[in-house]
Protein chains: 2
Amino acid sequence: MSDGRPTGGYGGESLLFLTDEQLRQGIEAMFFAYRGFTADPDRILAEIAYGRAHHRAIHFINRAPGTTVNNLLSILGVTKQSLNRVLRTLVGDGLVESRVGPVDKRERHLYLTDKGKALESTLSDAQRARMRAAYRDAGPEAVAGFRQVLEAMMDPEMRRAYTRLRDGS
Amino acid sequence: MSDGRPTGGYGGESLLFLTDEQLRQGIEAMFFAYRGFTADPDRILAEIAYGRAHHRAIHFINRAPGTTVNNLLSILGVTKQSLNRVLRTLVGDGLVESRVGPVDKRERHLYLTDKGKALESTLSDAQRARMRAAYRDAGPEAVAGFRQVLEAMMDPEMRRAYTRLRDGS
DNA sequence: CTTGGAAAGTCAATAACGCTGACTTATGCT
DNA sequence: AGCATAAGTCAGCGTTATTGACTTTCCAAG
């Protein structure tokens, strides 16, 4: 399990990409890349005294306008109390609007205000710029592989959330 | 910049993989995948009252035995105070050994004890299992692309740390 | 051989973000 | 009427990170 040789009992295919060493390099690549991934928005957020949690909420509200609190909860994978604290500041600062559900009045539907959209745009422009550079460097085939591996790494439940967003509700 | 069409002024190649929509999907894939990436070790760490910070320290001490505190600091990208708190518990719990530098006595060189190695093994087995499954599902070419994009996403300084580790100090 | 600076360790205070548990309010549905 | 659901809230806690200030130890250059 830790001898650097391929694992599994396959036949003659090259399974060298499944060695523990290769896997460890992948793990480290994820670690370092994720740092880069969040670095640009983090810088912007720090200036306005927000954190990553605010960014995530803004991102997904923008992505699925009108989403309910419960829906957002399951996407973000945090507790109601955690999300609520973030949401309260966002609503208080006039970035997010919370409207009573038209059909089920218990629900609150979340929307970005113009101000919220502006911040979302600033944040995602910064993040996209880095992604775009990385994508361009690596090329379309690498990007396809990148997406494929990431998708395979997700928990099944998160993969459902991901594909649902991707393919449009 | 946000119209869904390709950006950049290239010629006739298909740049559809550089649309804002594609980039956003990549961003979301990173978000969901990173959750999966940390989920398994997080579960183990929660049982023993450690956190991700302990895992990271253990990982890199195992990876580069004898590393100094300053070196670890720059790899992990945290402050001395943050790392020190983690390191103190790890040394106190007998997982990490801190030896005075043989040549420069100001330095402390960090090593995992047998107990530390055992925990490292448990944690990385869990994380590798998921990586291995994802790699196997996606195949060697996808993995190559995955690595390529991740590397391109890193900050230059982190990329140096990454390749230095990968290619062996 | 003194002095400046580097490496490490520490103390105190602060903040973001997450958690659990308990509870209320409003509403929908059977 | 009564149970369940969606949301919101209060209180308290823990981890991880931050900054600032300070000490000890030690190397190395003047």
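A brief structural summary. (Residues numbered from 1 in each chain as written. Chains lettered and ligands numbered in written order. Predicted model: local features only at pLDDT ≥ 70, side-chain atom pairs only at ≥ 80, totals over all residues. Heavy atoms only, no water.)

### Thoughts on the overall build of chain A
Along the backbone of chain A there are seven helices and three strands. Radius of gyration (C-alpha) of chain A: 20 Å, far over the 15 Å computed for a compact globule of 169 residues. By principal-axis analysis of the C-alpha atoms, chain A measures approximately 60 × 35 × 30 Å. Classification of the 169 residues of chain A by burial places 47% in the buried group. For chain A, the proportion of contacts with a sequence separation of at least 24, taken over those separated by at least 6, is 45%. (Helix = DSSP H or I, 4+ residues; strand = E, 2+ residues; numbered from the N terminus. Rg over C-alpha atoms; globule rule 2.2 N^0.38 Å. Buried < 20%, exposed > 50% of the residue type's maximum accessible area, 1.4 Å probe, protein only. Contact = heavy atoms within 4.5 Å.)

### Quick notes on the interface of chain A and chain B
At the interface, 64 residues of chain A touch 64 residues of chain B. Between chain A and chain B, a total of about 6700 Å² is buried, with carbon and sulfur atoms accounting for 68% of that surface. Counting every contact that joins chain A to chain B gives 10 salt bridges. Linking Arg128(A) and Asp20(B) is a salt bridge whose minimum nitrogen-to-oxygen distance equals 3.5 Å. In this structure, the connection of chain A to chain B is made through 19 residue pairs in polar contact (both at pLDDT 80 or more). Those elements giving two or more residues to the side of chain A that touches chain B turn out to be helix H1 (20-47), helix H2 (52-63), helix H3 (69-76), helix H5 (114-138), helix H6 (140-153) and helix H7 (156-166) of chain A. Per-element accounting of the side of chain A that touches chain B gives the leading share, 19 residues, to H1(A). Residue composition of the side of chain A that touches chain B, grouped by class: 34 nonpolar, 14 polar and 16 charged. (Buried area = accessible area lost by both parts, 1.4 Å probe. Salt bridge = Lys/Arg side-chain N within 4 Å of Asp/Glu carboxyl O. Polar contact = N/O pair within 3.5 Å; in protein donor to acceptor, adjacent residues only side chain to side chain. Nonpolar A, V, L, I, M, F, W, Y, C, P; charged D, E, K, R; others polar.)

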